[in-house]
Amino acid sequence: MPSPSNSAPSSSSAANGTRRGRPGYDQQTVLNIAVDVFNRHGYEATSMGILAENLGITKSAIYHHVPSKGDLLRLALEKALGGLEGVLDDPRASTGPADARLEFVLRGTIEVLTERLPFVTLLLRLRGNTEIERDALERRRQFDRRVSELVDAARAEGSLRSDIDPRTTTRLLFGTINSIVEWYKPGGSLSGQKLADDIISMVFEGLHDKR
């Protein structure tokens, strides 16, 4: 491993998240490949040697892009969590009828998941064995709680049926959406927009043909 003087980023580059690295690579390329490897092998089982082999560069060259494997994980999880939290920060998630807000958040969640599929997949497979993972899982739980609050608000307004336990409703919603990472293939015949339309129709209208 390079000495700290050679491997640590400068304060300005670390703050901006833009390490130049070796020719032919940038930090985003390294991150994309690393996330794919993490998802195939598991984060803990992925060594810097495995990453270097998949990148086609030496282990020491990786340190020109990021200080450690943990920093790759942190950057990857931020791509997923930052996108999800951005949906909740949108004014449309906090103004208007609760059912409309819930629909907006569900659509936004599906959009983030389909557009950042490898990163969200990594998030959903965390085991919480490191501080970085535990911090990410707590942020995910906070996101889940805010969606649960929207479900409760919609039930209180009378726009969602009240005969189903709200905890069941929330778990089924998340179970349906989170399962997308196991089967959805970006670039196929089913677009992210059509997928969101289908899930929203099923959630809010059910599967009975009302014709």
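Residues numbered from 1 in each chain as written. Predicted model: local features only at pLDDT ≥ 70, side-chain atom pairs only at ≥ 80, totals over all residues. Heavy atoms only, no water.

**Quick look at the overall build of the protein**
From N to C terminus, the protein includes twelve helices and zero strands. The order of α-helices and β-strands along the protein, N terminus first, is α-α-α-α-α-α-α-α-α-α-α-α. Of all 211 residues assigned to the protein, the portion counted as buried reaches 37%. A total of about 12000 Å² of accessible surface is found on the protein, and carbon and sulfur atoms cover 50% of it. (Helix = DSSP H or I, 4+ residues; strand = E, 2+ residues; numbered from the N terminus. Buried < 20%, exposed > 50% of the residue type's maximum accessible area, 1.4 Å probe, protein only. Areas by Shrake-Rupley, 256 points an atom, 1.4 Å probe, with all protein chains shown as cover.)

**Notes on helix 3 (residues 27–41)**
Between its terminal C-alpha atoms helix 3 stretches 21 Å, which fits the 21 Å expected from 15 residues at 1.5 Å a residue. Three or more residues of helix 3 are buried, namely Gln-27, Val-30, Leu-31, Ala-34, Val-35, Val-37, Phe-38 and Asn-39. As for helix 3, its buried residues are in contact with helix 4 (48–55), helix 6 (69–89) and helix 8 (117–124). Following helix 3 by one or two positions, Gly-42 adopts a phi angle in the positive range, close to 90°. (Expected span 1.5 Å × (residues − 1). Contact = heavy atoms within 4.5 Å.)

**A closer look at the confidence of the model for the protein**
Averaged over all residues, the pLDDT of the protein equals 87, while 88% of them reach at least 70. Note that residues 1–23 has pLDDT below 50 and, in this model, 25 contacts with residues that lie over four places away or in other chains. (pLDDT = per-residue confidence, 0-100.)

**What about the pattern of salt bridges?**
Inspection of the entire model under this criterion finds twelve salt bridges. When the shortest N-O distance is used, the salt bridge between Asp-36 and Arg-40 registers 3.0 Å. Here Arg-40 and Asp-36 lie together in helix 3, a separation of four residues that amounts to about one turn. Residue Arg-107 is joined to Glu-103 by a salt bridge in which the shortest nitrogen-to-oxygen separation is 3.2 Å. Here Glu-103 and Arg-107 lie together in helix 7 (residues 98–115), a separation of four residues that amounts to about one turn. Accessibility expressed as a relative area gives 26% for Arg-107, which makes it partly exposed. For Glu-103, a relative accessible area of 28% corresponds to the partly exposed category. Beyond isolated ion pairs, a larger network of salt bridges with shared partners links Glu-78, Glu-85 and Arg-139. (Salt bridge = Lys/Arg side-chain N within 4 Å of Asp/Glu carboxyl O.)

**A short note on the nonpolar core**
Among the nonpolar cores identified, the biggest contains 59 residues, and Leu-51, Ile-62, Leu-72, Leu-77, Val-105, Leu-123 and Ile-180 are the most heavily contacted of them. Per-element accounting of this core gives the leading share, nine residues, to helix 6. If we skip the residues at most four places from it in the chain, Leu-72 touches Val-30, Leu-31, Ala-34, Phe-38, Leu-51 and Val-66. (Core = buried A, V, L, I, M, F, W, Y, C linked by side-chain atoms within 4.5 Å.)

**Details of the side chain of Gln-27**
Topologically, Gln-27 is positioned in helix 3. Separated by 3.2 Å, the side chain of Gln-27 and the backbone oxygen of His-65 make a polar contact. (Polar contact = N/O pair within 3.5 Å; in protein donor to acceptor, adjacent residues only side chain to side chain.)

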